[in-house]
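Each chain, written out:
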Amino acid sequence: MKQSLFITGGAGFIGSNFVRYVFQKTDLRMVIIDKLTYAGHKVSLAGILKSPRVKFEKVDIADTVAIRRLYQRYKPVGVVNLAAESHVDRSIDSPGDFIETNIVGAHVMLDQALQFWKTLPRAKQKKFRFLHVSTDEVYGSLGKTGLFKETTPYSPNSPYSASKASADHLVRAYYETYGLPALITNCSNNYGPYQFPEKLIPLALLNAMEGKNVPIYGDGLNVRDWLYVEDHCAGIWQAFRRGRLGEKYNIGGRNERTNLEVVDRLLDALEEFYPAARNPALLRKGICCYHELKTFVHDRPGHDRRYAIDASKIRRELNWKPKYDYESGIRRTVRWYLEHLDWCRAVQTTYQRERLGLKK
Ligand code: NAD
Ligand code: TDX
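Residues numbered from 1 in each chain as written. Chains lettered and ligands numbered in written order. Predicted model: local features only at pLDDT ≥ 70, side-chain atom pairs only at ≥ 80, totals over all residues. Heavy atoms only, no water.

Close to ligand 1 lie 28 residues; Ile14, Asp34, Ser86, Tyr160 and Lys164 are nearest. Residue Phe13 places a main-chain N or O atom 3.0 Å away from an oxygen atom belonging to ligand 1. At 2.8 Å from an oxygen atom of ligand 1 is found a main-chain nitrogen or oxygen belonging to Asn190. Against a free-state accessible area of 840 Å², the protein chains account for coverage of 97% of ligand 1. For the shell around ligand 1, the elements supplying multiple residues, two or more each, are α1 (13-25), β5 (129-135), α6 (159-178) and β7 (189-191). (Near = heavy atom within 4 Å. Polar contact = N/O pair within 3.5 Å; in protein donor to acceptor, adjacent residues only side chain to side chain. Areas by Shrake-Rupley, 256 points an atom, 1.4 Å probe, with all protein chains shown as cover. Helix = DSSP H or I, 4+ residues; strand = E, 2+ residues; numbered from the N terminus.)

Each pair of packed helices can be described by the angle between their axes along with the distance between the axes. It is at 11 Å that the axes of helix α7 (residues 200-209) and helix α12 (residues 326-339) come closest, and there the two elements cross at 55°. As judged from the angle between their axes, α7 and α12 are oblique. The two elements α7 and α12 meet at a crossing, and its hand is right-handed. Each of Ile201, Pro202, Leu205 and Met209 in α7 lies in contact with α12, whose residues at this interface are Ile330, Thr333, Val334, Tyr337 and Leu338. Its residues assigned to classes, the contact of α7 with α12 comprises eight nonpolar, one polar and no charged. (Axes fitted to C-alpha atoms, helices over the stretch in contact; angles between N-to-C directions. Parallel < 35°, antiparallel > 145°, perpendicular 65-115°, else oblique. Left-handed = near helix turned anticlockwise from the far one by under 90°. Contact = heavy atoms within 4.5 Å. Nonpolar A, V, L, I, M, F, W, Y, C, P; charged D, E, K, R; others polar.)

Most of strand β6 (residues 182-187) sits out of view: six of its six residues are buried. With burial as the criterion, each face of β6 is covered, one bearing Ala182, Ile184 and Asn186 and the other bearing Leu183, Thr185 and Cys187. Crossover β5 to β6 through α6 is right-handed. In the sheet, β6 pairs with strand β10 (residues 248-251) via four bridges, with the strands oriented parallel. Looking across to β10, one finds that Asn186 is bridged to Asn250. (Buried < 20%, exposed > 50% of the residue type's maximum accessible area, 1.4 Å probe, protein only. Right-handed = clockwise from strand over helix to strand, strands pointing away. Pairing = 2+ DSSP bridges.)

The next point concerns the site of ligand 2. For ligand 2, the set of nearby residues contains 19 residues, the closest of which are Thr135, Glu137, Tyr160, Arg300 and His303. In the model, an oxygen atom of ligand 2 is placed 2.8 Å from a nitrogen or oxygen of the Ser86 main chain. Within the side chain of Arg300, one N or O atom sits 2.6 Å away from an oxygen atom of ligand 2. Relative to its free-state accessible area of 650 Å², ligand 2 is covered by the protein chains to the extent of 94%. For the shell around ligand 2, the secondary structure elements donating two or more residues are α7 and β8 (214-217). Among the elements that line the shell around ligand 2, the one with the most residues is β8, at three residues. Considered class by class, the residues forming the shell around ligand 2 number seven nonpolar, seven polar and five charged.

All right, on to the packing of aromatic side chains then. A full pass over the atoms with the stated rule returns 22 aromatic pairs. Ring centres 5.6 Å apart and planes at 15° place the aromatic pair Trp237 and Phe240 in the stacked group. Taken as a pair, Trp237 and Phe240 lie in helix α8 (residues 229-242) at a separation of three residues, close to a single helical turn. Residue Phe240 is classed as buried on the basis of its relative accessible area of 8%. Ring centres 5.4 Å apart and planes at 70° place the aromatic pair Trp336 and Trp343 in the edge-to-face group. In this structure, Trp336 and Trp343 share a single accessibility class: buried. Each residue in the set Phe6, Tyr71, Tyr74, Phe116 and Phe128 is aromatic and connected to the rest through ring pairs, giving one cluster. Sitting above the plane of the Tyr351 ring, Arg90 keeps its charged end 5.2 Å from the centroid. (Phe/Tyr/Trp six-rings, centres within 6.5 Å; stacked < 30°, edge-to-face > 60°. Lys NZ or Arg CZ within 6 Å of the ring centre and 35° of its normal.)

No statement about biological role is implied by the geometric values presented.
Dropping the structure here:
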């Protein structure tokens, strides 16, 4: 049997896009390890799960015994660790879940990888890699100028980013202390198909389509650096194949936008593909323009002001560059959501786009 790659979190947003990417670009076998939380759905992998090249294991990455068994059973050629609790607002309400998955779970994946790797013959040890997928949020918040570099000191502000930062430190420690062949990617905000509708872009789109308010936190001037998800997948794949062990690679598309700019562009695109004048949900409420739905709401506690990524290292060393510009990415995304309302309904069983992150 061909050797397999472990992909944790493969039923989530980036994970499902990454599984599709690897499926199309290679002939590798994949083992998807996912707990199927509120954010993980097999429907995001429709079609692919039928392939004999793909195995699905519903397992919690923090379950040491189950993870050990998977390493022993499949003997992977490498691991791409995407599984995480990923939503900042939820981390404000329930930080414990983030500690458990993002720190304890990452540690279990690393430690069991090390135990397994030590049993491999030299030649296989040399090929094995553990790539940990992280975020730019570990660097904290920027002022009006400047970019996050790989050398920027960590300064996480939310329980989410603190948990991701902890995991990054553990990955580094496992490389430095035990020689586990590991590396890290730190990416900016992703957007595109299969993003769970708790995040700004799908939430704004779906609310607007249904004639509901589009919540904008604070003054709407916080800046994020947006990257189309397929470009992130390509960066992860390049780093996994050719990145230097023990290194970190920042990934980002230099698409800095205020949240207000993002929402305005989305609502314009929605008007183009689904005019408000033809949308019964808006007509019923006497609303003639999607922009009327924009609503300023209480700010997120500890809301980072600005993120911006310097991706020159991955460009230079691994020849990665984004394929999609912001305009084409946004248009593809809006069209995808309009054409996949069945997916949106299927994944929103326990969550109705209520406001999160104000509880504590
Ligand atoms: P997501 O929330 O859409 O998906 C996370 C997946 O992990 C889900 O399928 C979920 O079921 C699974 N999962 C959660 N806890 C688990 C556990 N204990 N065991 C096994 N599986 C578990 O997240 P996403 O946006 O796809 O993010 C994926 C990774 O990329 C995360 O590590 C995140 O920190 C990182 N990241 C995300 C972004 C972004 O903009 N979304 C940017 C940079 C980095
Ligand atoms: O309803 C909203 N209104 C709003 O103004 C929501 C959900 C968000 N926002 C703001 C908060 C942020 O400034 O929009 C911006 C983007 O918010 P999110 O989509 O929640 O993303 P963010 O907090 O920036 O984090 C995302 O990017 C980095 C991912 O969720 C993380 O997993 C990733 O690491």
